[in-house]
Structure formats: structure tokens, C-alpha cells
Amino acid sequence: MDEVMKKHKELGQTKTKPAGGELTCSVHFVNPRYSPGSSSEDELGSVTRLVSKAEDLELARVFKRQAADIAKSRSLFEFGHNFEDVRDWLTIEQPSKVCLKTVLRYMVENHLKTTVKIEINKMYFNCHLLVLQAYSKYFMELNPIPFVVTLPESKVSQKAFMLVYKWMLSDEPILERKDIVTVFVAATYLRVKELLLHCWKYFDDKNCFNEASACVMYVESRNNVALDVVRNLMLTRIQKFLLTFVATSDFLDLPHKHLVYLLSSDEICVNSEIEILFIAVRWLGHDWERRKANVQSLIDCIRFSSMPLWYLLCVRRVETHSLLKELLSLPTVDSLINQSIAQITSKMYEEKQEGFILDYDCITKNLQQSRRWIVDDACPYYHHICCPHTRDITFTQFESYLAALQQQSIDYWTKVDMLDVKNPRKCGCMQ
């Protein structure tokens, strides 16, 4: 259009007046892009009808170039195509895909692309750190995190770590009895709270740990600080199994404070209070030089007033065991025996008994507030508390009884009868 106007200007300068019979006009060009109602051909036709020399204006070339430019610059979207709106797009059946959970579990369980190595006594375990951090506070707080983490075998054994990691990967983990101690120690060190609670689920169940099984757990967990609480709990479960435990070599290694707890308990089961004295002597005699300093604390556990009167009267004269005789000669023990004799006879007097006559009800009444009593047919020195033959009970007989218990079946202790204090069974020599 600029060329047309330029041409028109040149003509105006050469001819100030129009020639006779020659048409003049003013041309207004409308771009068809912005005038959709008209086309370039219509524009060209209207101009050529008004202009006498259309070739001078070169209108045909101008309009053809504009049409070509318009055709080249239009996109598919300007044509009206829309790739976002597709009919029935959401109704198409989608292909299946393995869920992320399954893929991750496969990778974790097959140890693919592991991120950390655990070293225990030169054995290496390829693990995923994220799994360890999910359950173990030890690994969660580990900073910085090395590529190889070394764990002490005394706290986390190789087998224990494998079991702990297996527990972490399992949706329904099960702990086996034979592994629970090592697993508990490892879980304590690694601070795996949920695993510790899992272990305590078993420890708290008396069906799992009671009497014999509790005693076995106690022995198995000795010398391990992490299991002190467990050991103390197991100690409280030993009742009828006490004498069987005393007959074993494991008893001889019992710590002093644990022995004091046992001998002070109202729940332990014995044939007579005399056995408490004998148990103390057996433990002291195993290492007398080192343990003689504990004599007084053990003597304090013995309830001399629950012993048969005849035994108290005669033991210092009849007993032949050297260590027991040494204990009986101690001023404190001698005083306790005399006090017990006085207490028993005083009660007999209060019952308005004439002379030195033994009254069953009077003597057995005190037993109801003491230990739990058993009647073991394998015991060679069992006598009714009022029987005069209790004066013949010796430490040698006790040792023979322990030897007999070692020959019994493992469930023998369960068959031993409890004594009915209100109606105590009389011994053969009193019938």
C-alpha cells in the first residue's frame, strides 16, 4: 500500500490538475484478516473499477502477497484444533501397572540397590538404611552415616542382627524361644522399641515363662546387664521349682542379692524352714572365703520361729557339718535360736497348755503367715512340724535329697503336693 501511495504522490507533483476525462479516487485498503466479511478478490475488483490504471497501483501483487502471509502464519490451534479435548478419553481401559509397594518390597527383600553395609566381626550385611531407620532409633540418630556401620558382636551378634532385620521386613513377625535372649539384647542396643515390646509380650506371659522355664531364662540371661530387668522378673516366678534349682550347679553361681531375694520371698516352696538354712549353707560353702562376708544378710532371711521346736532345741548339739556348726556358733545365730524357742514356748503357754505339751493348732498357726509349704514324698526328712523326730534332721540328709531331685524327671516338681496348713498331713511316725 505504501508503494501505491508513493506512486500517487509522484503523479500529483507532475500534474497539478487532472487531465480531462481521467478518474481520480482515494483507495482505502482493508486487511481481510480483520474483515472476515470481505475477500482479497472483492477488494481487488472494487479498486480496479474505480481506478483507470490499476497496473500503476500494483494491487494484484500486494493482495496476493498478503494472502500468502496469512496462510503461512496460521497454526493448528488457530485452525480450531484442540488436542486437550478428546472424546471418550477417560473411558479407555488403562494398562495395568505393578504397584510401588510391591516393587519396593521386592527390592528390599532381595537386597537390591542397598544403601548401607553392616559389619559384625568381619561379616557384612547389605541393607537398606531406610528400613533400619524406620525401626531403630540407633540408626535414626546416626550422624554422619558411613557407608559401613560396625556393630559390636557382644551386643549384636551376627545371627541376632539377621533375625532383627528379618523382623523389620516381616508384616507378621514371630520370635522363636531359642533366639529371644540374643534378639532382646540386640534390640536393646539398637533401640528397636517395637521389637522390645514384642519380646516383653512373651516375658510377661506366665504360660511362656513360669517356674522351670523362668528359671532357665534366668540362668540363660545371667552376666548380661541388658537383661537385668528380665532376670529379676524371672526370679519372682520360681516357687515350687526352687529346690530343683538349688540341686543344680547353676545355683552355686547365683549372685548374692538374688539369693537374698529368693530366701526372703513368701512365695518360694519348701518342705521346712530348715531348708532355708541349708540352702544358705550350700551357697556359702561353694566359695566360703569370698562369701563369708554375706553371712549376716543371709541369716536375716531365715525365719527361725517357723522351724520345728524340737530341731531348734537339738541342732546345736546334733549337727556335724563343719560350716553349719560354725554358723550356729555365731552369737547372732545363737541369739535368734534362743529367741525363737522362747517365742514358740510362750505361745504354747498362752494357749494354757500344761507342761511341755506340743499343741498342733498352736504351732501350725504361725505357719499360715510364712512360706508356701510342700509335701515331697522324695524328701527323706519330712516330718510334721510337731514331730519329735525333726530333731534328727541334718545337712547330710539335705544333700542326699538334692541328689535324689537330680535323678527325677524334669516335670517332677509339678507333681509335688502343697501342704494344707489348716489340715497338715502327719508324718509316718506320728500316725
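Residue numbers restart at each chain and count upward from 1, following the sequence in its written direction. Confidence filtering applies because this is a predicted model: local features only for residues at pLDDT of at least 70, side-chain atom pairs given and counted only at 80 or more, and all residues used for totals across whole chains, interfaces and linings. Side-chain descriptors were evaluated using all non-hydrogen atoms of the structure, hydrogens and water having been removed beforehand.

Naming follows an unreviewed UniProt entry, where the protein appears as Kelch-like protein 40b isoform X1 of Drosophila arizonae.

**Brief notes about the overall build of the protein**
If you tally the helices and strands in the protein, you get 23 helices and six strands. When a residue's accessible area, from a 1.4 Å probe over protein chains only, is under 20% of the maximum for its type it is buried; when over 50% it is exposed; and in between it is partly exposed. Counting every position in the protein, which comprises 431 residues, the buried fraction comes to 38%. Throughout, a residue-residue contact means that at least one pair of heavy atoms, one from each residue, lies within 4.5 Å. Counting contacts in the protein only where the partners sit at least 6 residues apart, residues at least 24 apart contribute 70% of the total. Note on conventions: DSSP H or I runs of at least 4 residues are helices, E runs of at least 2 residues are strands, and numbering of each starts at the N terminus.

**Comments concerning the layout of surface pockets**
Space inside and on the surface of the protein is sampled on a 1 Å grid over the protein atoms alone, with a cavity defined as a set of points where a 1.4 Å probe fits but cannot get out and a pocket as an open set with protein on both sides within 12 Å along at least 5 of 7 lines; lining residues have an atom within 4 Å of a point. Grid points are joined across faces, edges and corners, and a volume is the space filled by probe spheres set on the points. One number sums up the size of the second largest pocket: a volume of about 390 Å³. As for the second largest pocket, its lining consists of 16 residues, of which Lys101, Leu104, Arg105, Val108 and Val131 are closest to the centre. At the level of elements, helix H6 (100–109), helix H7 (129–135) and helix H9 (158–169) are the ones that each hand at least two residues to the lining of the second largest pocket. At six residues, H6 tops the list of elements feeding residues into the lining of the second largest pocket. Here the lining of the second largest pocket is composed, by residue class, of ten nonpolar, one polar and five charged. Throughout, the ten residues Ala, Val, Leu, Ile, Met, Phe, Trp, Tyr, Cys and Pro are labelled nonpolar, Asp, Glu, Lys and Arg are labelled charged, and all others, Gly among them, are labelled polar.

**Notes on the pairing of strand E1 (residues 116–120)**
A large share of E1 lies buried, amounting to four of its five residues. Two strands qualify as a pair provided that DSSP identifies no fewer than 2 bridges between them. Two strands pair when backbone bridges link them, and E1 and strand E2 (residues 123–127) are joined in this way by five bridges, in the antiparallel orientation. Bridging from a neighbouring strand, Glu119 pairs with Tyr124 of E2. In this structure, the hairpin formed by E1 and E2 is closed by a connection of two residues, where Asn121 is found at a positive phi of approximately 50°. Bridge count between E1 and strand E3 (residues 148–150): three bridges; the pairing is parallel.

**With respect to the sheet that holds strand E5 (residues 372–375)**
The three strands lie next to each other as E4-E5-E6, forming an open sheet whose pairing is mixed. Two strands close off the open sheet at either side, each with one partner strand: strand E4 (269–270) and strand E6 (417–418).

**Quick look at the nonpolar core**
Counting residues in hydrophobic clusters, the biggest one holds 109 residues, and the most contacted among them are Ile118, Phe139, Leu151, Phe161 and Ile279. In terms of residue count, the dominant contributor to this core is helix H16 (residues 274–286) (nine residues). Not counting the four nearest positions on each side in its chain, Phe161 is found in contact with Ile118, Ile120, Phe125, Cys127, Leu132, Leu151, Val156 and Leu190. Within this scheme, the nonpolar core is defined by two criteria: the residues are buried Ala, Val, Leu, Ile, Met, Phe, Trp, Tyr or Cys, and they are joined through side-chain atoms within 4.5 Å.

**Considerations on unusual backbone geometry**
Omega for the bond connecting Asn143 with Pro144 falls within 30 degrees of zero, at -5°, which places this linkage in the cis form. Locating Pro144 in the fold gives a position in the loop between helix H8 (137–140) and E3. Unusually for a residue other than glycine, Lys122 sits at a positive phi of about 70°.

**Observations regarding the packing of helix H10 (residues 180–190) against helix H11 (residues 193–203)**
Fitted lines through C-alpha atoms serve as axes, helices being fitted only where they are in contact, and the angles separating the N-to-C directions of these axes extend from 0 to 180 degrees. Contact geometry of H10 with H11 gives a least axis separation of 9 Å together with a crossing angle of 145°. Between H10 and H11 lies a crossing whose hand is left-handed. Residue-level contacts link Ile180, Val183, Phe184, Ala187 and Thr188 of H10 to Leu195, Leu196, Cys199, Trp200, Tyr202 and Phe203 of H11. Residue classes in the contact of H10 with H11 are distributed as ten nonpolar, one polar and no charged. When the near helix sits turned anticlockwise from the far one by under a right angle, the crossing is termed left-handed; a clockwise turn instead gives a right-handed crossing.

**Structural notes on the pairing of E5**
Bridging between E4 and E5 involves two bridges; their strand directions are parallel. Its bridge partner lying in E5, Cys269 is registered against Arg372. Here two bridges tie E5 to E6, and the two strands are oriented antiparallel to one another. Considered in E6, the bridge of Ile374 is made with Met418.

**Here we look at a nonpolar patch on the surface**
By definition, no residue in a patch forms a salt bridge, and every one has over 30% relative accessible area; like charges are joined within 9 Å, nonpolar side chains (Val, Leu, Ile, Met, Phe, Trp, Tyr) within 5 Å. For the accessible areas, the method is Shrake-Rupley and the probe is 1.4 Å, while residue cover comes only from the protein chains on display. We count a salt bridge whenever a side-chain nitrogen from Lys or Arg sits within 4 Å of a carboxyl oxygen from Asp or Glu. Together, Leu76, Phe77, Phe79 and Phe83 give the surface a local cluster of nonpolar side chains, amounting to about 480 Å² of exposed area. Residue placement: Leu76 occurs in helix H5 (residues 76–79).

**Quick word on the packing of aromatic side chains**
Stacked, edge-to-face and tilted labels apply to pairs of Phe, Tyr and Trp rings (six-membered ring for Trp) whose centres lie within 6.5 Å, assigned for plane angles under 30 degrees, over 60, and everything in between, in that order. By the definition in use, this model includes 16 aromatic pairs. Ring geometry for Phe184 versus Trp200: centroids 6.2 Å apart, planes at 80°, classification edge-to-face. Of the two residues, Phe184 is situated in helix H10 and Trp200 in helix H11; the sequence distance between them amounts to 16 residues. For Phe184, a relative accessible area of 5% puts it in the buried group. The exposure class of Trp200 is partly exposed, given its relative accessible area of 22%.

**Observations concerning the pattern of salt bridges**
Following the criterion strictly, the structure yields 16 salt bridges and no others. For Glu220, the salt bridge identified is with Arg177, shortest N-O distance 3.1 Å. Taken together, the residues span a long stretch of sequence, with Glu220 in helix H12 (residues 212–220) and Arg177 in the loop between H9 and H10 at a distance of 43 residues. With a relative accessible area of 36%, Arg177 lands in the partly exposed category. Lys292 is the partner of Glu289 in a salt bridge, and the nearest nitrogen-oxygen pair spans 3.3 Å. In this structure Glu289 comes out as exposed when scored by relative accessible area, which is 58%.

**Here we look at the packing of helix H19 (residues 309–318) against helix H21 (residues 331–350)**
H21 packs onto H19 with a crossing angle of 145° between their chain directions and a minimal axis gap of 10 Å. Crossing angle aside, the handedness with which H19 passes H21 is left-handed. Taken together, the residues of H21 that come into contact with H19 (itself represented by Leu309, Leu312, Leu313, Val315 and Arg316) are Asp334, Ile337, Asn338, Ser340, Ile341, Ile344, Thr345 and Met348. Residues belonging to the contact of H19 with H21 are distributed by class as follows: eight nonpolar, three polar and two charged.

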